Amino acid sequence: MYEPIRTAPSSRSVHGAMAGTNTKTNTDFPHRSREEELDIQLAGHLAALLAVTDELRALSPCSAWDEAAERVAGQVARLRGGRPPARTSAAPADTDPTALHRRAHALAGRALVVAASRADTGAAILAAEQMDAHAAALEPRELASR
């Protein structure tokens, strides 16, 4: 029913057979360092946080959200080698501000974890401040809904 395990020295595994056919096994695709991967991941989390912050700015304009968005955009640009992130100014249709604050809080938390793992103090401080700001924005809403 099952094929017996081959023990003959001439039978190679599929992986071994394929490895011998290509002389560039370690250079077939680009490799990134751990730091580069963390930079990409952190930039992604911060870009998502920026998108939510821009949505909040469109719903309820506030200088604090404007300043936060600019600081987050600066960090994203720094992590992307100076390229500015895509921004939106359109107001979202029928969006719940409480849901946006919860999403922003979660994204800032993810950014904080990645920033801490790559020892990026500036991004970690910014992410922690954003977590605090969105948690504070949620407090009155949470109390009112009880």
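Reading the values: the criteria
Residues numbered from 1 in each chain as written. Predicted model: local features only at pLDDT ≥ 70, side-chain atom pairs only at ≥ 80, totals over all residues. Heavy atoms only, no water. Axes fitted to C-alpha atoms, helices over the stretch in contact; angles between N-to-C directions. Helix = DSSP H or I, 4+ residues; strand = E, 2+ residues; numbered from the N terminus. Parallel < 35°, antiparallel > 145°, perpendicular 65-115°, else oblique. Left-handed = near helix turned anticlockwise from the far one by under 90°. Contact = heavy atoms within 4.5 Å. Nonpolar A, V, L, I, M, F, W, Y, C, P; charged D, E, K, R; others polar. Expected span 1.5 Å × (residues − 1). Buried < 20%, exposed > 50% of the residue type's maximum accessible area, 1.4 Å probe, protein only.

Draft legend 1. Up close: the packing of helix α2 (residues 34–59) against helix α4 (residues 97–117). At a minimum axis separation of 9 Å, α2 and α4 run at an interaxial angle of 160°. As far as their axial angle goes, α4 and α2 are roughly antiparallel. Viewed along their axes, α2 and α4 form a crossing whose handedness is left-handed. Contacts between α2 and α4 involve Arg34, Leu38, Gln41, Leu42, His45, Leu46, Ala48, Leu49, Val52, Glu55, Leu56 and Leu59 from the first element and Pro97, Leu100, His101, Arg103, Ala104, Leu107, Ala108, Arg110, Ala111, Val114, Ala115 and Ser117 from the second. Partitioning the contact of α2 with α4 into residue classes produces 16 nonpolar, four polar and four charged.

Draft legend 2. Spotlight on the side chain of Gln75. With respect to the secondary-structure elements, Gln75 resides in helix α3 (residues 63–79). For Gln75, the contacting residues outside a window of four places in its chain are Leu46, Asp120, Gly122, Ala123 and Leu126.

Draft legend 3. Layout of α3. Between its first and last C-alpha, α3 extends 25 Å over 17 residues, near the 24 Å set by a 1.5 Å rise per residue. Taken together, the buried positions of α3 are occupied by Trp65, Ala68, Ala69, Val72, Ala73, Gln75, Val76, Ala77 and Leu79. Two residues or fewer after α3 comes Gly81, characterised by a positive phi angle close to 75°.

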